[in-house]
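# Residue-level structural notes
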Amino acid sequence: MTWDARQLGEQTGRTILITGANSGIGLEAARDLVGRGACVVLAVRDTAKGEQARARLHGPGSASVVELDLADLDQVRRCAQRLRDEHESLAALVCNAGIMGGPLQLSAQGFERQMATNHLGHAALVTALWPLLHTSAGRVVLVSSIAARSGGLTAATTRDELVAPVPYRPQQVYADTKQANLLFARELHRRGAVAGSPVTTVAVHPGVSSTNLFRRTVQGNGLSLLAPVASLLSRVALQSAAAGAQPTLRGLHSSTPGGSYVGPTRLGQSRGRPELVDLPATATDPATAARLWELTEQVLDTPLPV
Ligand SMILES: NC(=O)c1ccc[n+]([C@@H]2O[C@H](COP(=O)([O-])OP(=O)(O)OC[C@H]3O[C@@H](n4cnc5c(N)ncnc54)[C@H](OP(=O)(O)O)[C@@H]3O)[C@@H](O)[C@H]2O)c1
């Protein structure tokens, strides 16, 4: 039977954190969840933008804003500490924030910025919030992309190839980060199941949706004058951000088993209702997943949660 967001039902009493929730898919997921009664924490790098987003969300649930810059691991740890101080449990953590392409930039710790934001920062956040997730038998949702099909990470990937790729090919690095989201989700689920953890993990992808992601990529490539055109084209040609949020919402539903991958199935998985889909071949190799786990622990200099 086709899944419908109405099945998600009431979310009263559940605290759900969404990274990058001031814009696009994260904002639309937050809007839906607050409307169902959830307490949604908007984890954003710019709290002014977060407050503007919060003002656009309407109850019966509630929204709060917390500062989170995934491209700064010290800031991720401070944010997680604050969340542990202020909350006793966390029903779900949606690792949604992301950047795509653009010129080479480095994170606060000197790592390539796309990998730092899309994968490393989220891996650090999941690790630091694991105790809260454990308490509430929570769920981790990782937002990947059909770009993961082109990911180039392998069981032989080196630390430098992960965090300081040469040559820097922006779209390939983006694909690698989205492959990393899937490999991390797979390994987190597998290890959690072996350890008997109550926390479950699901990966999702939003198809191709009209958000700020493409506009920012155009701007990042020094083509600011084309940004309004890109924005208009994406609104006409792509599915809406609200449609792109449906896989995230299905990923949060208890009927979606841990270890699943959810995405649309029409037009090469670019649009449509959220269905359970197969992982791309780039995300199925256990040795590659284990290698990414090992490299991530090395780079973060901390053991991952399970
Ligand atoms: N749109 C699509 O078609 C599509 C397709 C496949 C996958 N995805 C994935 O969907 C997710 C959401 O993207 P979107 O399309 O909704 O794009 P978006 O509208 O650009 O939203 C991205 C969000 O990530 C935040 N962010 C960026 N860098 C951050 C950092 N260092 N720390 C914390 N937050 C940060 C942004 O904050 P600011 O507003 O402050 O920049 C923004 O809130 C991403 O993971 C993306 O890879 C999107």
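Above this text you will find the structure in question.
In this report, we go over the structure that sits alongside the text. Nothing here was measured: the structure is a model prediction, and the numbers come from that model.

Glancing now at the state of the cysteines. Under the definition given, this model contains zero disulfides. Between Cys39, a free cysteine, and Cys79, which holds the nearest cysteine sulfur, the sulfur-to-sulfur gap is 17 Å. The closest cysteine sulfur to the non-disulfide-bonded Cys95 is located on Cys79, 12 Å from its own sulfur.

Turning our attention to the pattern of salt bridges. Evaluation of the coordinates by the stated rule reveals 11 salt bridges. For Glu187, the salt bridge identified is with Arg191, shortest N-O distance 3.0 Å. Placement of the pair is Glu187 and Arg191 together in helix α6 (residues 170-195), with a separation of four residues, close to one helical turn. Looking at Arg191, the relative accessible area reads 26%, which means it is partly exposed. The structure contains a network of salt bridges with shared partners spanning Asp4, Arg6 and Arg273.

The next thing to look at is the packing of α6 against helix α11 (residues 286-300). Packing of α6 against α11 leaves a shortest axis separation of 9 Å and a crossing angle of 95 degrees. Judged by the angle between their axes, α6 and α11 are roughly perpendicular. Side by side, α6 and α11 meet where Gln179, Ala180, Leu183, Phe184, Arg186, Glu187, Leu188 and Arg191 of the first sit next to Pro286, Thr288, Ala289, Ala290, Leu292 and Trp293 of the second. Classifying every residue of the contact of α6 with α11 by side-chain character gives nine nonpolar, two polar and three charged.

This part covers the layout of surface pockets. Estimated volume of the largest pocket: approximately 720 Å³. Elements with a minimum of two residues in the lining of the largest pocket: α1 (24-35), β2 (39-44), α4 (113-135), α6 and α7 (212-220). Looking at the lining of the largest pocket element by element, the count peaks at four residues for α7.

The environment of the ligand is made up of 30 residues, and the closest members are Ser23, Arg45, Tyr174, Ser209 and Thr211. At 2.7 Å from an oxygen atom of the ligand is found a main-chain nitrogen or oxygen belonging to Asn96. A distance of 2.9 Å is found between an oxygen atom of the ligand and a side-chain nitrogen or oxygen belonging to Lys178. Coverage of the ligand by the protein amounts to 98% of the 890 Å² it exposes when considered alone. A molecule is said to occupy a pocket when more than half its atoms come within 2 Å of that pocket's grid points, and by this definition the ligand occupies the largest pocket. The set of elements that each furnish at least two residues to the shell around the ligand consists of α1, α6 and α7. Examining the composition of the shell around the ligand, we find that four residues originate from one element, α7, more than from any other. Per-class residue counts for the shell around the ligand are 12 nonpolar, 13 polar and five charged.

Cut-off values and rules
- Residues numbered from 1 in each chain as written.
- Predicted model: local features only at pLDDT ≥ 70, side-chain atom pairs only at ≥ 80, totals over all residues.
- Heavy atoms only, no water.
- Disulfide = S-S within 2.5 Å.
- Salt bridge = Lys/Arg side-chain N within 4 Å of Asp/Glu carboxyl O.
- Helix = DSSP H or I, 4+ residues; strand = E, 2+ residues; numbered from the N terminus.
- Buried < 20%, exposed > 50% of the residue type's maximum accessible area, 1.4 Å probe, protein only.
- Axes fitted to C-alpha atoms, helices over the stretch in contact; angles between N-to-C directions.
- Parallel < 35°, antiparallel > 145°, perpendicular 65-115°, else oblique.
- Contact = heavy atoms within 4.5 Å.
- Nonpolar A, V, L, I, M, F, W, Y, C, P; charged D, E, K, R; others polar.
- 1 Å grid on protein atoms, 1.4 Å probe; cavity = no way out; pocket = protein on both sides within 12 Å on 5 of 7 lines; lining within 4 Å.
- Points joined across faces, edges and corners; volume = space filled by probe spheres on them.
- Near = heavy atom within 4 Å.
- Polar contact = N/O pair within 3.5 Å; in protein donor to acceptor, adjacent residues only side chain to side chain.
- Areas by Shrake-Rupley, 256 points an atom, 1.4 Å probe, with all protein chains shown as cover.
- Sits in = over half its atoms within 2 Å of the grid points.

That is the geometry; function is a separate question.
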